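# Structural overview
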Amino acid sequence: MPPKSPRWEDKVPDTEVLKRAGIPSIITKIRKAQVRWAGHVSRMSDDRIPKKLFYGELADGKRKVGGQKKRFKDNLRLYLKDFSIDTESWETLSADRPSWRQAIAVGACRAEEQRVKLKLEQPIPAV
């Protein structure tokens, strides 16, 4: 007999549904795609526009005082840390595509496990 499908009344957490389905969360999938894209950009030739924008800095001007808006680079640094990839040498690692893809795959699995672990440790709010 196949396992019973969850119903709305069962109040099954999203982590359990994703585990049963054998897929990572959408958050992990998006972060994985963004890290993979950053590796692609770092391998581009220096005259390509995406690489110029990624590594470019403003010649003049300042950022506003107070809380700053997150840049792609800021988020990328956080995602690399979540994936256990060194933030100082990730560009060197990304130059070797097979090892870069492997590092991202392993890191995404670890990040997803950590996300699920943290989610399970949170108390369930009473309704």
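Reference entry: report on the structure contained in this document. (Residues numbered from 1 in each chain as written. Predicted model: local features only at pLDDT ≥ 70, side-chain atom pairs only at ≥ 80, totals over all residues. Heavy atoms only, no water.)

With that settled, consider helix α2 (residues 26-43). Over its 18 residues, α2 runs 26 Å from end to end, which matches the ideal 26 Å to within 8%, given 1.5 Å per residue. Every buried residue of α2 is accounted for by Thr28, Val35, Ala38, Gly39, Val41 and Ser42. Down the axis of α2, the smallest arc covering the buried residues is 165°, so these residues share one side. Of the surrounding secondary structure, the elements contacted by the buried residues of α2 are α3 (49-55), α4 (72-82), α5 (90-94) and α6 (97-121). (Helix = DSSP H or I, 4+ residues; strand = E, 2+ residues; numbered from the N terminus. Expected span 1.5 Å × (residues − 1). Buried < 20%, exposed > 50% of the residue type's maximum accessible area, 1.4 Å probe, protein only. Arc of directions from axis to C-beta. Contact = heavy atoms within 4.5 Å.)

We now examine the environment of Tyr55. The residue Tyr55 is located in helix α3 in this model. For the pair Tyr55 and Pro98, spaced 43 residues apart in sequence, the C-alpha separation works out to 23 Å. Apart from the residues lying within four places of it in its own chain, the contact partners of Tyr55 are Ser42, Lys73, Trp90 and Glu91. Only 2.5 Å separates the side chain of Tyr55 from the side chain of Glu91, close enough to count as a polar contact. (Polar contact = N/O pair within 3.5 Å; in protein donor to acceptor, adjacent residues only side chain to side chain.)

The next thing to look at is a positive patch on the surface. Side chains of Arg36, Arg43, Arg97 and Arg101 sit close together on the surface and give a patch of like positive charge. When you line up the elements, Arg36 lands in helix α2. Arg36 gets classed as partly exposed once you look at its relative accessible area, which sits at 40%. (Patch = residues over 30% accessible without salt bridge, like charges linked within 9 Å, V, L, I, M, F, W, Y side chains within 5 Å. Areas by Shrake-Rupley, 256 points an atom, 1.4 Å probe, with all protein chains shown as cover. Salt bridge = Lys/Arg side-chain N within 4 Å of Asp/Glu carboxyl O. Lys, Arg positive; Asp, Glu negative; His and termini not counted. Charge placed at Lys NZ, Arg CZ, Asp CG, Glu CD.)

A few words now on the side chain of Ser42. Positionally, Ser42 belongs in helix α2. Residue classification places Ser42 among the buried residues on the basis of a relative accessible area of 13%. Setting aside residues no more than four positions away along its own chain, Ser42 makes contact with Lys51, Tyr55, Trp90, Glu91 and Ser94.

This part takes up the packing of α2 against α4. Two numbers describe how α2 lies on α4: the axes approach to 10 Å, and their chain directions differ by 110°. Taken together, the axis directions place α2 and α4 in an arrangement best described as roughly perpendicular. Facing α2, whose interface residues are Arg31, Gln34, Val35, Trp37 and Ala38, α4 presents Phe72, Leu76, Tyr79, Leu80 and Asp82. Class assignment for the residues of the contact of α2 with α4 results in seven nonpolar, one polar and two charged. (Axes fitted to C-alpha atoms, helices over the stretch in contact; angles between N-to-C directions. Parallel < 35°, antiparallel > 145°, perpendicular 65-115°, else oblique. Nonpolar A, V, L, I, M, F, W, Y, C, P; charged D, E, K, R; others polar.)

Of all hydrophobic cores here, the largest spans 15 residues; its most connected members are Val35, Leu76, Leu80, Phe83, Ile85, Trp90 and Trp100. Those elements that place two or more of their residues in this core are α2, α4 and α6. Counting residues per element, this core draws most heavily on α6, at four residues. Not counting residues within four places of it along the chain, the set of residues in contact with Trp100 comprises Val35, Arg36, Gly39, Arg43, Leu80, Ile85, Trp90, Leu93 and Ser94. (Core = buried A, V, L, I, M, F, W, Y, C linked by side-chain atoms within 4.5 Å.)

Counted by the stated rule, this structure contains four salt bridges. Among the ionic pairs, Asp46 bridges to Lys51, the shortest N-O distance being 3.2 Å. Note on Asp46: relative accessible area 60%, which makes it exposed. Residue Arg115 is joined to Glu112 by a salt bridge in which the shortest nitrogen-to-oxygen separation is 3.2 Å. In this pair, Arg115 and Glu112 are both assigned in helix α6, three residues apart and thus about one turn of the helix distant. For Glu112, a relative accessible area of 11% gives the class buried.

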